[in-house]
Amino acid sequence: MNPFEAKPKIEDEFLAYTFEYMSMANRRGLKLSDELARTDMRMSQESLGKNTIGICRWSPLGTLKVRIYGPWWNGAGEEQRRTLVFHELNHCLCMRSHNHRGGDYAHDAPVYDVGKGYLGDMCPASIMHPIMIPTQCLRTHQEHYDEEALESCRD
Ligand SMILES: [Zn+2]
């Protein structure tokens, strides 16, 4: 840990989701505790970029910085909050990009369709979809999303 960086912290709002994510990782035999110890996850009231609700940055000094956009969080439901935390942890701890079984999502303009990266009802097939998944999809496919979430972690 670099002495010039503030001690990494995961703010209270994100703790329950983070523990749930870590226990899912443990059940898959993934050891992510070193990465978690370097994770700094905080709410940002300032814009993170156009249409951006969360980011993960690997600081050159070793910290994994996650920022969540506060105004979005305040209006979001339980399922979407959980999904955003899992999504950012997948970026930061697992080095997963915006991908799904068998390919990458188009980065800025994903096309909702049945087929590659989407399920039969057009719900995204992975929480690594670059745009937040509709709540109804998260409810319908939670088991699938949880199962898929930690695939390709640090492969
Ligand atoms: Zn992302």
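About the cut-offs
- Chains are numbered independently. Their residues run from 1 in the order of the written sequence.
- Given that this is a predicted model, residues contribute local features only at a pLDDT of at least 70 and side-chain atom pairs are listed and counted only at 80 or more, while totals for whole chains, interfaces and linings are drawn from all residues.
- Working definition: helices are DSSP H or I runs of at least four residues, strands are E runs of at least two. Numbering for both runs from the N terminus.
- For this measure, only C-alpha atoms enter the radius of gyration; the expected value for a globule follows 2.2 Å times N^0.38, where N is the number of residues.
- Exposure is read from a count of other C-beta atoms within 10 Å of each residue's own; the residue is exposed at 12 or fewer, buried at 20 or more and partly exposed in between. C-beta atoms are placed from the backbone.
- By definition, residue pairs are in contact when their C-beta atoms, positioned from the backbone, come within 7 Å.
- Connectivity within a nonpolar core runs through C-beta atoms within 7 Å, and the core itself is a set of buried Ala, Val, Leu, Ile, Met, Phe, Trp, Tyr and Cys residues.
- Pairing between two strands is assigned when DSSP locates at least 2 bridges connecting them.
- Fitting a line to C-alpha atoms yields each axis, with helices limited to the stretch in contact; the angle taken between N-to-C directions then spans 0 to 180 degrees.

Visitor: Just to check I follow, could you spell out the overall build of the chain for this structure?
Guide: Summing up its helical and strand segments, the chain has six helices and five strands in all. Ordered by position in the sequence, the α and β elements of the chain form the string α-α-β-β-β-α-α-β-β-α-α. Expected size for 155 residues packed as a compact globule is a radius of gyration near 15 Å; at 15 Å, the chain falls within 12% of this value. Its C-alpha atoms give the chain principal-axis dimensions of roughly 50 × 35 × 25 Å. Burial analysis of the chain (155 residues in total) assigns 28% to the buried set. Within the chain, contacts between residues at least 6 apart in sequence are counted, and of these 62% link residues at least 24 apart.

Visitor: Mind showing me how you'd approach the nonpolar core here?
Guide: Looking at soluble globular proteins, one finds that nonpolar side chains tend to be buried together. Membership of the largest hydrophobic core comes to 27 residues, with the highest contact counts inside it found for Tyr 21, Val 85, Phe 86, Leu 89, Leu 93 and Ile 127. Listing elements by their share of this core, those giving two or more residues are helix H1 (12–27), strand S3 (64–69), helix H4 (78–94), helix H5 (135–140) and helix H6 (142–149). Examining the composition of this core, we find that seven residues originate from one element, H4, more than from any other. Ile 127 has contacts with Thr 83, Phe 86, His 87, Ile 133, Tyr 145 and Ala 149, leaving out every residue within four places of it along the chain.

Visitor: Can you walk me through unusual backbone geometry in this structure?
Guide: Most peptide bonds adopt trans geometry, and most residues besides glycine take a negative phi value. The residue Met 95 is not glycine, and still its phi comes out positive at about 55°. Tracing the backbone shows Met 95 in the loop between H4 and strand S4 (99–100). Positive phi, close to 75°, is recorded for Met 122, a residue that is not glycine. Counting through the fold element by element, Met 122 comes out in the loop between strand S5 (103–104) and H5. A residue is classified by how many C-beta atoms lie within 10 Å of it, and Met 122, with 12 of them, is exposed.

Visitor: What am I meant to see in the sheet that holds strand S2 (residues 54–58) here?
Guide: Neighbouring strands of a sheet are bound in pairs by backbone hydrogen bonds; such pairs are parallel or else antiparallel. Pairing is mixed in the open sheet, where three strands are placed in the order S1-S3-S2. Among the strands making up the open sheet, the edge pair consists of strand S1 (39–44) and S2. Pairwise comparison of adjacent strand axes, ignoring direction, gives a mean angle of 15° for this sheet. Across the sheet, H4 is in contact with S1, S2 and S3; its angle to S2 comes to roughly 15°.

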